[in-house]
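# Architecture and fold: a report
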Amino acid sequence: MIDQTIAQASFADLLRRWDVQQDIYIEQRERVFTVMFDVLEQLCPRPGLTVLDLACGPGAISERFLRRFPEGRAVALDTDPVLLAIGEGALGDQGGRLRWVRADLRDPSWSERLGPESGEGSFDAVLSSTALHWLTPPALTAVYRTAAGLLRPGGVLVNADYLPLPAGSRLRAACEAIDRGRQQHAIDAGAEPWEDWWAAVEAHPALADAVAERQTLWPEGARDWTGATLDYHQAALVEAGLTEVGVVWQDLEERVLVAIR
């Protein structure tokens, strides 16, 4: 029991440091979550909401959603064994309100991993943050189609992510320069950057197996942002059968994009 308590505290510290590290790259990150949940509250005004935290990482959306909506339930899905281990180790199942699922969104059958209790029309909302930019445009389109089918009629999909302007535009270059300056300012002020956080994770003895597995999934240098543009995201959501697609919040190229089924 003592060892379990120590491990949970250690994972909780890594989760806390994850949040601080992410603030370097999304300057108004907590504001993003607030907007996401404000929109959800307006569009789905009822207790007991069930949401899918898509590409959840260590569960940032789920943790905040369950705190904001005490009667809600969340399913947190990701393929990264390290981030899932940290999230589940730190947050547990929140008294039965949080379920963790491992699945790869690049696999067309990923939704089957949710189980029979989470099939078509099971969710009030599909929520994602700072994750889907890793998908290629064709994979993103397929994920949106599947996610749309998981929503009940009137349900919402909210994607808070880096949704860039077209490559080569002067405005995109300006946004990127401003963003780099912000990040460097945060790091100069002492914030722990992405690389240092991952170095700490890789040195954690309880995560050795998960780290080794992760390295087989994404060998060094094998993964990069694909960065489908805002226009592509909007078109893919419409093609998936969702309606009233629009940006409800923006800071440079970080946007909160909402679509309704």
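Because the structure is a prediction, the values reported are computed rather than measured. (Residues numbered from 1 in each chain as written. Predicted model: local features only at pLDDT ≥ 70, side-chain atom pairs only at ≥ 80, totals over all residues. Heavy atoms only, no water.)

Moving on, we come to the pattern of salt bridges. As a working rule, side chains carrying opposite charge can pair if their charged atoms are close by. Under the defined criterion, the tally for this structure stands at 20 salt bridges. Across the pair Arg17 and Glu192 runs a salt bridge, and its minimum N-O distance is 2.6 Å. With a gap of 175 residues between them, Arg17 in helix α1 (residues 2–25) and Glu192 in the loop between α6 (170–188) and α7 (194–202) connect regions that are remote in the sequence. Judged by relative accessible area, Arg17 falls into the partly exposed class, the value being 22%. Residues participating in the shared-partner salt-bridge network are Asp19, Arg29, Glu30, Glu63, Arg64 and Arg67. (Salt bridge = Lys/Arg side-chain N within 4 Å of Asp/Glu carboxyl O. Helix = DSSP H or I, 4+ residues; strand = E, 2+ residues; numbered from the N terminus. Buried < 20%, exposed > 50% of the residue type's maximum accessible area, 1.4 Å probe, protein only.)

When the UniProt feature table is mapped onto this chain numbering, "domain: Methyltransferase" (unreviewed entry) sits at residues 51–155. As annotated, residues 51–155 comprises 32% helix and 26% strand, and the C-alpha atoms at either end are separated by 10 Å. (UniProt positions renumbered as here; feature names shortened; annotations may be inferred.)

The subject of this paragraph is the nonpolar core. Core analysis: the biggest nonpolar cluster contains 46 residues, and Leu40, Phe65, Ile86, Leu127 and Val201 have the highest contact counts within it. Considering each element in turn, this core owes the most residues, seven residues, to helix α2 (residues 29–43). If you look at the next biggest cluster of nonpolar residues, it comprises 33 residues, including Val101, Tyr144, Ala148 and Ala228. (Core = buried A, V, L, I, M, F, W, Y, C linked by side-chain atoms within 4.5 Å.)

Taken as a whole and assessed by the stated rule, the structure comprises seven aromatic pairs. Ring centres of Trp18 and Trp194 lie 6.0 Å apart, and the angle between their planes is 50 degrees; on these two criteria the pair is classed as tilted. With Trp18 in helix α1 and Trp194 in helix α7, this pair connects stretches of sequence that are 176 residues apart. Overall, the relative accessible area of 8% leaves Trp18 in the buried class. Accessibility expressed as a relative area gives 28% for Trp194, which makes it partly exposed. An angle of 90 degrees between the planes, with centres 5.0 Å apart, marks the rings of Trp197 and Trp198 as edge-to-face. Note on accessibility: Trp197 and Trp198 belong to one class, buried. (Phe/Tyr/Trp six-rings, centres within 6.5 Å; stacked < 30°, edge-to-face > 60°.)

What follows deals with the side chain of Arg29. Summarising the element assignment, Arg29 is placed in helix α2. Residues within four places of Arg29 in sequence aside, it is in contact with Trp18, Asp19, Gln22, Asp23, Ala60 and Arg64. (Contact = heavy atoms within 4.5 Å.)

Time to look at the packing of α2 against helix α3 (residues 60–68). Between α2 and α3, whose axes approach to 11 Å, the crossing angle comes to 55 degrees. In terms of their interaxial angle, α2 and α3 are classed as oblique. The way α2 lies across α3 gives a crossing that is right-handed. Listed contacts from α3 to Arg29, Glu30, Phe33, Thr34, Met36, Phe37, Asp38, Leu40 and Glu41 of α2 are Ala60, Ile61, Arg64, Phe65 and Arg68. Residues belonging to the contact of α2 with α3 are distributed by class as follows: seven nonpolar, one polar and six charged. (Axes fitted to C-alpha atoms, helices over the stretch in contact; angles between N-to-C directions. Parallel < 35°, antiparallel > 145°, perpendicular 65-115°, else oblique. Left-handed = near helix turned anticlockwise from the far one by under 90°. Nonpolar A, V, L, I, M, F, W, Y, C, P; charged D, E, K, R; others polar.)

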